[in-house]
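Fold and contact review
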Amino acid sequence: MTNTELNTNQNTPNTQSTPNTVLVTSGTGKTGHRVVERLTALGVPVRSGSRSGEVRFDWADESTWGPALAGADAAYVAYFPDLAAPGAVEAMRTFGGLAVRHGVRRLVLLSGRGEPAAVLAEDALRESGADLTVVRGAFFAQNFSEGALTEGVLAGEIPFPAGDTAEPWVDADDLADVVVKALTEDGHAGLTHELTGPQLLTLAEVAAALSAATGRAVRYVPVSGAEYAELLGRYGLPEAEARWLAELFATLLDGHNSSTTDGVKRVLGREPKAFADFARDAAAAGDWQG
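Described in the following lines is the structure provided in the data block. Quick caveat: nothing in here was measured; it's all calculated off a predicted structure. (Residues numbered from 1 in each chain as written. Predicted model: local features only at pLDDT ≥ 70, side-chain atom pairs only at ≥ 80, totals over all residues. Heavy atoms only, no water.)

Here leucine 132 lies in strand E7 (residues 131-137). On the accessibility criterion, leucine 132 (5% relative accessible area) is buried. Along the chain, leucine 132 and arginine 106 lie 26 residues apart, while their C-alpha atoms are 6.1 Å from each other. Not counting chain neighbours up to four residues away, the residues in contact with leucine 132 comprise Leu107, Leu109, Glu122, Leu125, Arg126, His188, Ala189, Gly190 and Leu191. (Helix = DSSP H or I, 4+ residues; strand = E, 2+ residues; numbered from the N terminus. Buried < 20%, exposed > 50% of the residue type's maximum accessible area, 1.4 Å probe, protein only. Contact = heavy atoms within 4.5 Å.)

Structure below.
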């Protein structure tokens, strides 16, 4: 897909107005906490849902969904572990119906770029009839500073099953800014915003940018999907989950996502953040001081 803003439901009217209260699911996650911070700064009442927070929300415990939705009229939906994961379609169908019954009229869904299984989950949530905006993101740059790849940066070696495929790494701050626009401004209902960074970088080029920013040698170590699943298993991930993740990465990094979009600029009116700038800022903030 190359079109960054597709009206996937031409018959859905844009009846949005600024929400009174927003539920942010996975509110302590990589994008969730950023959305919470931005909404709070705008003065929008926020309910930050998490497994152990004041507003309890757990994707694995359906009994927590209704109480978290009660009193909200908009929600940011960030499904864990991934919208392409087994069970996501039914979860989205159930959550969407429950949200509408609680009076939630606006949903903004985090989805993955180029994930056919995620599209099925998007469609299931769309069945709710709520005003839905889908935000499809490329791989996050912050995976190297806040996510699973941080340890590799610190160790100087990033093993990953990407070969020489180039990816348009998107900054999670850019994505959060787009989500907040979709939650608080009219005109986004029925749209799909596809977000990438401004350039394509292979993992070898990413490692070079990280080396320059951190002042430490970082190199990319290509591994097969099976080798990566074994590595995840050594870190304690259950075998089935490790194998599924490795297969997902192999699917996403086969080259079909090796293109950039102007989605960030269309929504925010500015260029997306370059990976080198992300790395420089993360290093300055002390993200790799471990």
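Most often, soluble globular proteins have nonpolar side chains that are buried together. Core analysis: the largest hydrophobic core is formed by 64 residues, its most contacted members being Met92, Phe95, Leu107, Phe144, Phe160, Leu210 and Phe275. Considering each element in turn, this core owes the most residues, seven residues, to helix H9 (residues 239-252). Non-local contacts of leucine 107, meaning those with residues more than four positions away in its chain, are made with Ala75, Val77, Phe95, Ala99, Leu125, Ser128, Ala130, Asp131, Leu132 and Thr133. (Core = buried A, V, L, I, M, F, W, Y, C linked by side-chain atoms within 4.5 Å.)

On to the side chain of threonine 165. Tracing the sequence through the fold places threonine 165 in the loop between strand E8 (157-160) and helix H6 (172-184). Using a relative accessible area of 14% as the deciding quantity, one classes threonine 165 as buried. Looking at threonine 165, its side chain comes within polar contact range of the main-chain oxygen of leucine 253, at 3.0 Å. Not counting the four nearest positions on each side in its chain, threonine 165 is found in contact with Leu201, Thr202, Leu203, Leu253, Gly255 and Ser258. (Polar contact = N/O pair within 3.5 Å; in protein donor to acceptor, adjacent residues only side chain to side chain.)

Tallied over the full model, the rule gives 23 salt bridges. When the shortest N-O distance is used, the salt bridge between arginine 38 and aspartate 173 registers 3.2 Å. On the criterion of sequence distance, the pair formed by arginine 38 in helix H1 (residues 32-41) and aspartate 173 in helix H6 is long-range, its members being 135 residues apart. A relative accessible area of 26% means that aspartate 173 is categorised as partly exposed. The partner of glutamate 127 in a salt bridge is arginine 93, and the shortest N-O contact between them spans 2.9 Å. With glutamate 127 in the loop between helix H4 (116-126) and E7 and arginine 93 in helix H3 (residues 88-101), the pair connects residues that are 34 residues apart, well separated along the chain. With a relative accessible area of 34%, arginine 93 lands in the partly exposed category. Connected through shared salt-bridge partners, Arg34, Arg38, Glu146, Asp173, Asp174, Asp177 and Arg270 make up one network. (Salt bridge = Lys/Arg side-chain N within 4 Å of Asp/Glu carboxyl O.)

Summed over the entire model, instances satisfying the criterion amount to 17 aromatic pairs. Relative to tryptophan 65, the ring of phenylalanine 57 lies with its centre 6.3 Å away and its plane at 20°, an arrangement referred to as stacked. Each of the two residues, phenylalanine 57 as well as tryptophan 65, counts as buried. Ring pairs connect the aromatic residues Phe139, Phe144, Phe160, Trp169, Tyr228, Phe249, Phe275, Phe278 and Trp288, which therefore count as one cluster. Here the basic side chain of arginine 51 rests over the ring of phenylalanine 80, its NZ or CZ set 5.8 Å away from the ring centre. (Phe/Tyr/Trp six-rings, centres within 6.5 Å; stacked < 30°, edge-to-face > 60°. Lys NZ or Arg CZ within 6 Å of the ring centre and 35° of its normal.)

Let's shift gears to the packing of H3 against H4. Put simply, H3 and H4 touch, their axes get as near as 7 Å, and they point 20° apart. As judged from the angle between their axes, H3 and H4 are roughly parallel. Considering the relative orientation of H3 and H4, their crossing is right-handed. Of H4, the residues touching H3 (which contributes Ala88, Val89, Met92, Arg93, Phe95 and Gly96) are Leu120, Ala121, Ala124 and Leu125. Here the residues of the contact of H3 with H4 are counted per class, giving eight nonpolar, one polar and one charged. (Axes fitted to C-alpha atoms, helices over the stretch in contact; angles between N-to-C directions. Parallel < 35°, antiparallel > 145°, perpendicular 65-115°, else oblique. Left-handed = near helix turned anticlockwise from the far one by under 90°. Nonpolar A, V, L, I, M, F, W, Y, C, P; charged D, E, K, R; others polar.)

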